[in-house]
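So the chains spell out like this:
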Amino acid sequence: MITASVDPRLELARHTLGAVRVLPDPGLPPRLLQLIDGRGRRYFAKQHTARTRYAQEVKAYGTWARHLAGHAPELVGWHDSTHTLLVTALDGTRADAVAPGSPDEERAHHEAGRILRLLHQVTLIPRSGAVGPELAHRLAHWIGRAEQAGLITADERGLLSAHQEVLANTLMDSAVCHLDYQPRNWILGESFGLYDLEHMRRDARIRDFARLEFRRWQAIPPLRNAFYAGYGRHPTDTEQRLLESFGAIEAITALVRGHEQDDLALLAHGRTVLARLH
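On a predicted model such as this, the values are computed, not experimentally measured, just so you know.

A. A look at the overall build of the protein. Along its length, the protein carries nine helices and eleven strands. At 20 Å, the protein has a C-alpha radius of gyration in line with the 19 Å of a compact globule built from 278 residues. The principal-axis extent of the C-alpha atoms belonging to the protein is close to 60 × 40 × 35 Å. A total of 278 residues make up the protein; the buried ones form 51% of that total. If you take every contact in the protein between residues at least 6 apart in sequence, the share linking residues at least 24 apart comes to 70%.

Written out as structure tokens, the structure reads:
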């Protein structure tokens, strides 16, 4: 077990900022540490277990975060050998902690749409042929893992394979996407803020809506309307149908990860999404 004296997150913070102290927060995942410096400024130090995720997040802060117009933290330090980075903290409340059905919840979704549009507009490549086959290949990989684990029936395998074909043969807009765009990564204060850029990469533009579509909006449709009002437009009918194929990826990854991690909630989510696919 890492002790505080050798914690690479603390060492990075002290090297970058000088004296800091830990602000305990039991709600944070274990790899995150909240810190405060001598001037009262807060930061988060994060250590990745995988080098690829670390490199992806550092690249995101250095390359694409500027398109978010000040709505993302600032990267103030990083250390390659320990896969550790240090970012400024944003002021406000996590959007998944606001009261359900409140005006703040609707405002969070509206602002989330508005800020995501900034990223998508600047990085857009219309009707790209490069993204679909890659996503189809990824879906095929997860189907194989689900089959090996005995998680899907022959009929479900056929349904998922049909969505794989749709992805492989559809031209779709590509853009730099957040790919974990949901309230747990949003901060609602005087300004909207966005955390967790470790998944950020070029992908199918409307795939950035998938987690909200399948994890949030099914139960609360007005939040969907608020989001797209902020984004500037709703998906077309064709894009909405394509979003169903991204639901196939959402379902199968949730099934496999839920099974492997013994996460019953994630497993149930995968089953629910799979059951609603056509």
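B. Region of the structure containing the layout of surface pockets. By volume, the largest pocket amounts to about 1500 Å³. Of all the elements in the fold, those that place two or more residues in the lining of the largest pocket are β2 (32-37), β3 (42-47), α2 (51-63), β5 (84-88), β6 (93-94), α4 (131-148), α6 (210-217) and α8 (237-260). In terms of residue count, the dominant contributor to the lining of the largest pocket is α8 (six residues).

C. Structural view of the sheet that holds strand β9 (residues 186-188). Within the open sheet, the three strands sit side by side as β6-β9-β10. Their pairing is antiparallel. What marks the edges here is a single partner per strand, and that holds for β6 and β10 (192-194). Bridge count between β6 and β9: two bridges; the pairing is antiparallel. Within the sheet, the bridge partner assigned to R94 lies in β9 and is I187. Contacting β9 and β10, helix α3 (residues 103-123) runs over the sheet at an angle of about 125° to β9.

D. Region of interest: helix α7 (residues 221-231). Among the residues of α7, those classed as buried are L223, R224, A226, F227, Y228, G230 and Y231. Elements that come into contact with the buried residues of α7 comprise α3, α6 and α8. The first or second residue beyond α7 is G232, which carries a positive phi of 110°.

E. View of the sheet that holds strand β7 (residues 125-128). The antiparallel open sheet is built from three strands, whose spatial order is β7-β8-β11. The open sheet has two free edges, formed respectively by β7 and β11 (201-204), since each of these has just one partner strand. When the angles between neighbouring strand axes are averaged without regard to direction, this sheet yields 40°.

F. Here's a closer look at unusual backbone geometry. Residue L179 is not a glycine yet carries a positive backbone phi of 70°. Position of L179 among the secondary structure elements: in the loop between β8 (172-177) and β9.

G. Structural view of the nonpolar core. Counting residues in hydrophobic clusters, the biggest one holds 67 residues, and the most contacted among them are L167, Y181, W186, F209, F227 and F246. Among the elements that take part in this core, α8 stands out by supplying nine residues, more than any other. When neighbours within four sequence positions are excluded, Y181 is seen to be in contact with A112, I115, L116, W186, F192, L194, D208, R211, L212 and F227. If you look at the next biggest cluster of nonpolar residues, it comprises nine residues, including L12, A13, V20 and A45.

H. Geometry of the packing of helix α5 (residues 154-168) against α8. Relative to each other, α5 and α8 sit at 130°, their axes nearing to 9 Å. Of the possible angle classes, the one that applies to α5 and α8 is oblique. Where α5 crosses over α8, the handedness of that crossing is left-handed. Residue-level contacts link L160, H163, V166 and L167 of α5 to L242, E244, S245, F246, A248, I249 and I252 of α8. Counted by class, the contact of α5 with α8 contains eight nonpolar, two polar and one charged residues.

Each value, and the rule that gives it
The numbering scheme is per chain: residues are counted from 1 as the chain's sequence reads. Thresholds applied to this predicted model are a pLDDT of at least 70 for local features of residues and 80 or more for the giving and counting of side-chain atom pairs; totals over whole chains, interfaces and linings are not thresholded and use all residues. Processing note: side-chain calculations cover all non-hydrogen atoms of the structure and skip hydrogens and water entirely. A run of DSSP states H or I qualifies as a helix once it reaches four residues; a run of E qualifies as a strand once it reaches two. Both are numbered from the N-terminal end. A radius of gyration in this sense is built from C-alpha atoms; the matching globule rule multiplies 2.2 Å by the number of residues raised to 0.38. Only protein chains enter the accessibility calculation, which uses a 1.4 Å probe; a residue whose area is less than 20% of its type maximum is buried, one above 50% is exposed, and one in between is partly exposed. Any pair of residues with heavy atoms lying within 4.5 Å of one another is described as a contacting pair. The distinction between a cavity and a pocket rests on a 1 Å grid over the protein atoms alone: a 1.4 Å probe fits inside a cavity but cannot get out, while a pocket stays open yet meets protein on both sides within 12 Å along at least five of seven lines, and a residue with an atom within 4 Å of a point counts as lining. Grid points are joined across faces, edges and corners, and a volume is the space filled by probe spheres set on the points. In this scheme, strands are said to pair when DSSP sees at least two bridges between them. Between the N-to-C directions of two axes lies an angle of 0 to 180 degrees, each axis being a line fitted to C-alpha atoms and, for a helix, fitted only over the stretch in contact. For this analysis, a nonpolar core means a set of buried residues of the types Ala, Val, Leu, Ile, Met, Phe, Trp, Tyr and Cys, connected via side-chain atoms within 4.5 Å. Should an angle fall under 35 degrees it is called roughly parallel, over 145 degrees roughly antiparallel, and 65 to 115 degrees roughly perpendicular, with every other angle called oblique. Left-handed is the label given to a crossing in which the near helix is rotated counterclockwise from the far helix by less than a right angle, and right-handed is the label when the rotation is clockwise. Side-chain classes follow a simple rule in which Ala, Val, Leu, Ile, Met, Phe, Trp, Tyr, Cys and Pro form the nonpolar group, Asp, Glu, Lys and Arg form the charged group, and the remainder, Gly included, forms the polar group.

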